[in-house]
Amino acid sequence: MFFELIILITALSVSAVAAYYSIVGLAAIFAASVIPVIIMGTVLEVGKLVSVTFLHNEWKRTNFLLKTYLTSAVVVLMFITSMGIFGFLSKAHIEQTATAGDNTIKIERIEGQIAREQRAIKDAETVLLQLDAAVQTLIDYDRIRGDDGAIATREKQKQERADLGTKIASSEVIVDELTEKLVTLKTEQVALEAEVGPLKYIAESVYGSADRDVLEQAVRWVIVIIVAVFDPLAVCLLLAWNSLRSQRKEVSPKVIEETTDYTNKKEKIEEVPNVAPGKDFVWDERNKVWKKKKAGATT
């Protein structure tokens, strides 16, 4: 009985989890009517389990049309549950992929901004070098003083040099800020890629590649495999529980009420199906119960 209880609890647990995933997946498909879909999915899941139990216990006593309909309904409901689970897992993967894609776009945009600011810094530094080269040329030709001398030329360059220095400093500040954002985004990106790491490993192991298209194909196969065993496992475990329960009922002898009349004992025991006093069972006077005879024992 303990093993039967374990099977029953496992069957109901798997069924409950499958029902939850299925209902959430169906609610995502029919997002305009979430509450009605949840109610419908819950009732149908309960109806499916009740139908399975009824069919197992009353198969021989149920007419053909009812058996056919209930069997078909159970199969269709299993398909609906599997479809809901597929939708739930697909939605989860799509949301994860979309998040990773947004980070990639942000990273590319920030890297572009950093590149532009670095080019601006480089251009400003180039102009400064050109100004220094012009002054150095005057010095080399010994033209230090005068309106066109090196000193006058440097004085004329003073404002331009200040503007270039301001531009370089401003661009460096922007680059530092963008670099901090880039490091944060890249850290998040690494974490997101780590989440799909197992799928990449599967894709590389099976297909020899981890490209986006191959990765998507691997994800679909993983979801299909999960769906294929989820709800059918719950139904089969419930059938196994019913089967064990039926077998235990068939082989368990029933306790007879204490009485001094052997005839009454015999009549009561004969009311139990498949029980033959003296042939299959013997009376245990001490425990006041009929016990099944061991093989080779005599009356």
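In short, a report on the structure. Bear in mind the structure is a predicted one, so any value in this text is a computation, not a measurement. Position numbers for residues count from 1 along each chain, tracking the sequence in the order it is written. With the structure being a predicted model, the display of local features is reserved for residues of pLDDT at least 70 and the display and counting of side-chain atom pairs for 80 or more, all residues being used for whole-chain, interface and lining totals. Side-chain descriptors were evaluated using all non-hydrogen atoms of the structure, hydrogens and water having been removed beforehand.

## A short note on the packing of helix 1 (residues 2-29) against helix 2 (residues 34-57)
Alright, step 1. At a minimum axis separation of 9 Å, helix 1 and helix 2 run at an interaxial angle of 150°. On the basis of their axis angle, the class for helix 1 and helix 2 is roughly antiparallel. Pair helix 1 / helix 2 crosses with right-handed handedness. Contacts between helix 1 and helix 2 involve Leu12, Ser15, Ala19, Ser22, Ile23, Leu26 and Ala27 on the former and, on the latter, Val34, Val37, Ile38, Gly41, Thr42, Glu45 and Leu49.
Alright, step 2. By residue class, the composition of the contact of helix 1 with helix 2 is 9 nonpolar, 4 polar and 1 charged. For every element, the axis is a line fit to its C-alpha atoms; helices are fit only across the contacting stretch, and the angle between N-to-C directions ranges from 0 to 180 degrees. Strands are runs of DSSP state E lasting at least 2 residues, helices are runs of H or I lasting at least 4, and numbering of each runs from the N terminus. The labels follow the angle: roughly parallel below 35 degrees, roughly antiparallel above 145, roughly perpendicular from 65 to 115, and oblique for the rest. The sense of a crossing depends on the near helix, which, turned anticlockwise from the far helix by less than a right angle, makes the crossing left-handed and, turned clockwise, makes it right-handed. Here, residues are in contact when the closest pair of their heavy atoms is within 4.5 Å. The nonpolar class holds Ala, Val, Leu, Ile, Met, Phe, Trp, Tyr, Cys and Pro. Asp, Glu, Lys and Arg form the charged class, and all remaining residues, Gly among them, are polar.

## Brief notes about a nonpolar patch on the surface
Alright, step 1. Like-charged residues are merged into a patch within 9 Å and nonpolar side chains (Val, Leu, Ile, Met, Phe, Trp, Tyr) within 5 Å, provided each residue has over 30% relative accessible area and no salt bridge. Values of accessible area rely on a 1.4 Å probe in the Shrake-Rupley scheme; residue burial ignores everything except the protein chains shown. One side-chain nitrogen of Lys or Arg within 4 Å of one carboxyl oxygen of Asp or Glu is enough to make a salt bridge. On the surface, Val34, Ile35, Ile38, Ile39 and Val43 cluster together to form a nonpolar patch covering roughly 430 Å² of accessible area.
Alright, step 2. One can find isoleucine 39 in helix 2.

## What to know about empty space enclosed by the protein
Alright, step 1. Method remark: on a 1 Å grid restricted to protein atoms, a set of points is classed as a cavity if a 1.4 Å probe fits but cannot get out and as a pocket if it is open with protein on both sides within 12 Å along at least five of seven lines; lining residues have an atom within 4 Å of a point. Grid points are joined across faces, edges and corners, and a volume is the space filled by probe spheres set on the points. Under the defined criterion, the tally for this structure stands at 1 cavity of 30 Å³ or more.
Alright, step 2. Estimates place the volume of the largest cavity at around 60 Å³.
Alright, step 3. Lining the largest cavity, in full, are Ser22, Ile23, Leu26, Gly41, Leu44, Glu45, Lys48, Leu77, Ile80 and Thr81.
Alright, step 4. Elements supplying a minimum of two residues to the lining of the largest cavity: helix 1, helix 2 and helix 3 (64-140).

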